[in-house]
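In case you want the letters, here they are:
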Amino acid sequence: MAETYQFGPFRLDAEAKSLFKSDKPVPLTPKAIELLIVLVRNAGSVVDKNSLLREVWADTAVEEGIIAVNIATLRKVFHDGDRPAFIETVPRRGYRFVAEPRHSSPPVRRWIRLAIG
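Please read these numbers as outputs of a predicted model, since none were measured by experiment. (Residues numbered from 1 in each chain as written. Predicted model: local features only at pLDDT ≥ 70, side-chain atom pairs only at ≥ 80, totals over all residues. Heavy atoms only, no water.)

Asks: Any chance you could break down the pairing of strand β3 (residues 18-21) for me, citing the residues and the numbers?
Replies: Summarising the sheet, strand β2 (residues 10-13) and β3 pair through 4 bridges and their orientation is antiparallel. Residue pairing in the sheet places F10 in a bridge with K21 of β3. Between β2 and the antiparallel strand that follows it, β3, lie 4 residues; K17 among them carries a positive phi value of about 55°. Relative to strand β4 (residues 24-26), β3 runs antiparallel, the two sharing 3 bridges. Residue pairing across strands places K21 opposite K24, the latter belonging to β4. Linking β3 to β4, which pair antiparallel, is a turn of 2 residues; within it S22 sits at a positive phi near 50°. (Pairing = 2+ DSSP bridges. Helix = DSSP H or I, 4+ residues; strand = E, 2+ residues; numbered from the N terminus.)

Asks: Hey, could you go over helix α3 (residues 65-78) for me, with residue numbers and the actual values?
Replies: Since the α-helix advances by 3.6 residues per turn, residues separated by three or four positions end up pointing in the same direction. The terminal C-alpha atoms of α3 lie 20 Å apart, and with 14 residues this matches the ideal 20 Å at 1.5 Å per residue to within 8%. Buried residues of α3: I67, N70, I71, L74, V77 and F78, and no others. The buried side chains of α3 occupy one side of the element, clustering within an arc of 115° when seen end-on. At the C-terminal side of α3, H79 shows a positive phi close to 55°. (Expected span 1.5 Å × (residues − 1). Buried < 20%, exposed > 50% of the residue type's maximum accessible area, 1.4 Å probe, protein only. Arc of directions from axis to C-beta.)

Asks: Can you break down helix α1 (residues 30-41) residue by residue, with the values?
Replies: With 12 residues, α1 should cover 16 Å at 1.5 Å per step; its first-to-last C-alpha distance of 16 Å lies within 8% of that length. Counting buried positions along α1 gives 9 out of 12 residues, so the element sits mostly inside the fold. Here α1 has its buried residues at A32, I33, E34, L35, L36, I37, V38, L39 and V40.

Asks: With reference to specific residues and values, describe the sheet that holds strand β7 (residues 94-97).
Replies: In space, the 3 strands of this open sheet follow the order β5-β7-β6, with antiparallel pairing throughout. Each end of this open sheet is capped by a strand with a single partner; those strands are β5 (46-48) and β6 (87-90). For this sheet, the mean angle separating the axes of adjacent strands, direction not counted, is 30°. Taken together, the 4 bridges between β6 and β7 define a ladder with antiparallel strand orientation. Following the sheet pairing, E88 is matched in β7 by R96. Helix α2 (residues 49-56) rests against β5 and β7 of the sheet, and its axis sits at about 70° to β5. (Axes fitted to C-alpha atoms, helices over the stretch in contact; angles between N-to-C directions. Contact = heavy atoms within 4.5 Å.)

Asks: With reference to specific residues and values, describe the pattern of salt bridges.
Replies: Within this structure, the stated rule accounts for 7 salt bridges. Close ionic contact of K31 with E34 constitutes a salt bridge, the shortest N to O distance being 3.7 Å. Of this pair, K31 and E34 are both found in helix α1, 3 residues apart, which corresponds to roughly one turn of the helix. One salt bridge in this structure joins E88 and R96, with 2.5 Å as the shortest N-O distance. What makes E88 partly exposed here is its relative accessible area of 26%. (Salt bridge = Lys/Arg side-chain N within 4 Å of Asp/Glu carboxyl O.)

Asks: Quick rundown of the nonpolar core? Include the residues and the values.
Replies: Across soluble globular proteins, you tend to see nonpolar side chains buried next to one another. Judged by nonpolar contacts, the single largest core of 31 residues is most densely connected at F7, L19, L36, L39, F78, I87 and F97. Beyond its immediate stretch of four places on either side in the chain, F78 contacts F7, F10, L19, L36, F86 and I87. (Core = buried A, V, L, I, M, F, W, Y, C linked by side-chain atoms within 4.5 Å.)

Printed below as a string of structure tokens:
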């Protein structure tokens, strides 16, 4: 079964590295998706900034500010304002995914076989 999470109107397919809102794809950079996957997998727990840098940017030398840039991108998609429903900042520590994601099944694709002849 694919690693798929549902939260609010969103569905995250971790295997395909895709986010959908009401079954429509949400355009995000690969790193923003990877960051979201780490947060959702650790929902309810604070993920410190060093862990995020190690897990998402392991192969690249970047500064801590890149996390905030990607968090801002995700919050814009979620319309997460002053009272976050999805991503909470834990000052001087990291970030917490506060929604309760539930595993869901990916949509069933039905194929129609046409007989020619």
